[in-house]
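# Fold and contact review
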Amino acid sequence: DELNLAPSDVLEALNRLLDDNRELFIAETQTTVKAHPHFVLFATQNPAGSYGGRKSLSRAFRNRFIELHFEDLPLKEVKQIIEGRCQLPASYSSKIISVMQKLQNRRAKSGVFAGRHGLITLRDLFRWAERYKQSSSQPGVYQDWDQLLANDGYMLLAGKVRRTDEENAIKDVLSSVFKRNIDTGSILNGCLVDHEFSSITENMGIVW
């Protein structure tokens, strides 16, 4: 998985293993390892440029594979998956997808983030929606769901960035979509975390 994140020495070793000789010389032990006659390598990766940190592989190396390209899932299908898997109401799933679109649009225009998906991915969306699922499973507890989702989104996404401009971009987009103020001081001090998740942790036996 994530072939184009592999170190150069790993890629070079794979390149030798996949050539006509199908063998790998290990300098440390002065031994040669031959691939099994039925050896096949399957690899996956995200495209360079769309995701941060990925490098372009050489044409010679890529020619050793049969390439299959898959486009991003249509947002309509992403929305259906999130609603079905995480039990997130349609109005809220539309909002978190809107956050993803706005952040990706900012990336395309300004280059603030590394790669179009450098800040938010589908994996992040599912994690975000799962937090709603956990919170909503507590009967008799009133929640301002827009505020909770905005806070959860901030904790999830801002925790991935290091620069102030990136953090401010996340905060601005969340505030504009959910129409709620992001009180970073309370979030970072744990006040909102304790309020939102205390009932969950008591029932699940989670230790923070």
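Please read these numbers as outputs of a predicted model, since none were measured by experiment.

## A word on the overall build of the protein
Each helix and strand counted, the protein has 9 helices and 2 strands in total. N-terminal to C-terminal, the α/β element order of the protein is α-β-β-α-α-α-α-α-α-α-α. Carbon and sulfur atoms make up 51% of the accessible area of the protein, which amounts to about 13,000 Å² in all.

## So, the side chain of Asp124
Within the secondary structure, Asp124 sits in helix α5 (residues 122-136). Once residues within four sequence positions are removed from consideration, Asp124 is found in contact with Leu119, Leu156, Leu157 and Lys160.

## A closer look at the nonpolar core
By size, the foremost hydrophobic cluster in this structure holds 33 residues, and its most contacted members are Ile82, Val99, Leu125, Trp128, Ile170 and Phe178. Those elements giving two or more residues to this core turn out to be α3 (75-86), α4 (90-110), α5, α6 (145-158) and α7 (164-178). No other element matches α6, which puts 8 residues into this core. Sequence-distant contacts of Leu125, defined by excluding residues within four places in its chain, comprise Val78, Ile82, Ile96, Ile97, Met100 and Ile120. In terms of nonpolar packing, the next biggest core, distinct from the first, is built from 6 residues, Leu3, Ala6, Leu11 and Leu57 among them.

## Here's the deal with α6
Its 14 residues place the ends of α6 19 Å apart at the C-alpha level, agreeing with the 20 Å of an ideal helix rising 1.5 Å per residue. For α6, a buried count of 13 out of 14 residues is recorded, marking the element as mostly surrounded by other parts of the structure.

About the criteria used
Residues numbered from 1 in each chain as written. Predicted model: local features only at pLDDT ≥ 70, side-chain atom pairs only at ≥ 80, totals over all residues. Heavy atoms only, no water. Helix = DSSP H or I, 4+ residues; strand = E, 2+ residues; numbered from the N terminus. Areas by Shrake-Rupley, 256 points an atom, 1.4 Å probe, with all protein chains shown as cover. Contact = heavy atoms within 4.5 Å. Core = buried A, V, L, I, M, F, W, Y, C linked by side-chain atoms within 4.5 Å. Buried < 20%, exposed > 50% of the residue type's maximum accessible area, 1.4 Å probe, protein only. Expected span 1.5 Å × (residues − 1).

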